Each structure stands twice: as C-alpha cells, then as structure tokens.
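Notes for the structure review
This is what each chain is made of:
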Amino acid sequence: MKKLIITLIIITSALTALGAESAKDIIDRMDEVMDFETLSFSATMKNTDRLGITVQSFSAVQNSDGDTLMTVTSGMDKGQKILRLDDEIYIYYPDADEIIRLSGSGLSDSFLGSDFSYEDLSGDDDYNKRYDYELKGSETYGDIDCHLISFTAKKLSETYQNMEILIDKERYVPIVERLYSKSGRLLKTIYYDGYTDAPCFPTIVRTENAVKKSNRSEMTISEIVFNRKLDESLFDREEFAW
C-alpha cells in the first residue's frame, strides 16, 4: 500500500509538472494576444513633478517592422517629431529646423519631459531576442492574480538591465513592469490598464519614478486603429522633416 501511495504521488507530481506553463509559454501567449501588424493612435501625456503639472498631446503610428513615428500635436513641444528606426531615434525640432539623432544611452532620454523614455514608448518588444527570463512564481496586484517573470538583459547596451513583469494569468497581458539598473536599483515602475480586446492594447499607462519620487506620468490613449495600411513614406528618413 505504501509503495502504491508513493507511486500515485510521483505520477500526480509528474502530470502537474507537464501541465505547468513555462516562462516562454507565458511570454509567447502574451505576444499572441497583443500582436498586430500596424497601429495608429492619439494620446495625452500628463506629467507631474515638484514644479507642477504639464499636459501635451501627440499622435503615433507604427508599421509592421516596428518603425514608429510620433508627432506632438499640442503643448510646448507642438510640431516636434520623433522617428524610431531600429536602434536609432531621430528628433525634429521645428523651431530650429534641425534633426538630432539619438542612439545608445540617448534612448533612455525623457519623452516630452515625462518619466517615459523613448525606449519605453518605441523600443523593440522582442523579449526572446533581448533578454533571458524565468518564471519566479505568482504575485497579486489588486485583485489580479499574476505570473511574476524576471528578465536579465543579454547585452550591456540595453537601457534596462533587469526587469520584472507581472502578467495577468487570465488575459496574458502585462499589468506591472518594474525596471532596474544593473546593480539592482529600482528605476521606475510602469502600470498598464484599460486594455482593448483582440488585440489587447493598454489605453492607460502610468509610470512612477523610483529615483525622483515626486515625479509621475500618465498617458491616456484614444482613437486606436489596428492593421490599417500605412503610407511607408511616413517612416522615410529623407521625408522626416517635411
């Protein structure tokens, strides 16, 4: 009888292990539910710091290659354009009629004075290519039961060397993202909410600065259109300033 009980325990444990999701399963599922070919939207960025509150608006388009164009439509930076091509960003300043190129550490610069960096808003989201990751367990955020996955950058050139992402166990969408320096210092936390359906895309994104604790930013997204045919000249470096 004792041997039978032990055998049943071993079989049950093995079946449980076979049915358990791996970190890769979870990331692949997240990619699947959030997948789209092209994207366009309008957004409002609200920034709060010790000097007060500022609000600016911008529009964004992204093609199937991940190239992204953002245009500031209201606020102090109105007319500014940001073009992301691969690992380089070009910023057009209309007042100076000048284009600045950013790469490397410049990708971590602030977008519209917010706590979002250019990398946060337009970076490559191919986690399999950029990070090693593992499932660390579960964590609850509010009333949402989440998978906790830890990420370690494969290259020192990554803006964030370490990350933790809480992924909703039911919808397979990111809920909370914690971003760390190589030394393990928490730099910022990003919260995602207001998801659309099929594909899933957040319409409210908040960030809290762990270094400058009085700083926070909130991006509210509207007028979302998925998979519309885009004019590829929008992403042409030569046409950028026009």
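In this text the structure is predicted, and so the values were computed from the model without any measurement.

Below, the discussion takes up the overall build of the protein chain. Each helix and strand counted, the protein chain has 4 helices and 13 strands in total. Along the first, second and third principal axes, the C-alpha set of the protein chain runs to 85 × 40 × 35 Å. Classification of the 242 residues of the protein chain by burial places 40% in the buried group. As presented, the protein chain carries roughly 13,800 Å² of accessible surface, and 50% of it is formed by carbon and sulfur atoms. Where the 28 positive side-chain charges of the protein chain centre and where its 44 negative ones centre are 7 Å apart.

Let us look at helix α2 (residues 23-33). For α2, the full list of buried residues reads A23, I26, I27 and M30. In a view along the axis of α2, the buried residues occupy a sector of 95 degrees, so they form one face of it. Against α4 (127-130), β7 (131-141), β8 (144-153), β9 (162-168) and β10 (174-180) lie the buried residues of α2.

Turning next to the nonpolar core. F58, Y127 and F151 are the most contacted members of the largest nonpolar core, which totals 49 residues. For this core, the leading source of residues is β8, giving 5 residues. With residues up to four places along the chain from it excluded, the contact list for F151 reads I27, Y127, Y131, D132, Y133, Q161, N162, M163 and I165. V61, L69, Y90 and F235 belong to the second-largest nonpolar core, a separate cluster that totals 9 residues.

Turning to the pattern of salt bridges, a few remarks are in order. Counted by the stated rule, this structure contains 13 salt bridges. The partner of K169 in a salt bridge is D145, with the nearest N and O atoms 3.4 Å apart. Separated by 24 residues along the polypeptide, K169 in the loop between β9 and β10 and D145 in strand β8 bring together distant segments of the chain. On the accessibility criterion, K169 (26% relative accessible area) is partly exposed. The class for D145 is partly exposed, based on a relative accessible area of 39%. Among the salt bridges present, the one from D168 reaches R171, with a minimum N-O distance of 2.8 Å. By relative accessible area, D168 is classed as buried at 6%. The class for R171 is partly exposed, based on a relative accessible area of 39%. One continuous salt-bridge network, built from bridges that share partners, spans R84, D87, E119, R130 and E158.

Right, let's talk about the packing of aromatic side chains for a bit. Counted under the stated rule, the structure contains 13 aromatic pairs. Where F111 meets Y118, the ring centres are 6.0 Å apart and the plane angle is 70 degrees; that geometry is what we call edge-to-face. Taken as a pair, F111 and Y118 share a single burial class, namely buried. Linked through ring pairs, F36, F41, F58, F111, Y118, F201 and F226 together constitute an aromatic cluster. The lysine or arginine in question, R206, covers the ring of Y191, its NZ or CZ lying 4.5 Å from the ring centre.

Conventions used here
Residues numbered from 1 in each chain as written. Predicted model: local features only at pLDDT ≥ 70, side-chain atom pairs only at ≥ 80, totals over all residues. Heavy atoms only, no water. Helix = DSSP H or I, 4+ residues; strand = E, 2+ residues; numbered from the N terminus. Buried < 20%, exposed > 50% of the residue type's maximum accessible area, 1.4 Å probe, protein only. Areas by Shrake-Rupley, 256 points an atom, 1.4 Å probe, with all protein chains shown as cover. Lys, Arg positive; Asp, Glu negative; His and termini not counted. Charge placed at Lys NZ, Arg CZ, Asp CG, Glu CD. Arc of directions from axis to C-beta. Contact = heavy atoms within 4.5 Å. Core = buried A, V, L, I, M, F, W, Y, C linked by side-chain atoms within 4.5 Å. Salt bridge = Lys/Arg side-chain N within 4 Å of Asp/Glu carboxyl O. Phe/Tyr/Trp six-rings, centres within 6.5 Å; stacked < 30°, edge-to-face > 60°. Lys NZ or Arg CZ within 6 Å of the ring centre and 35° of its normal.

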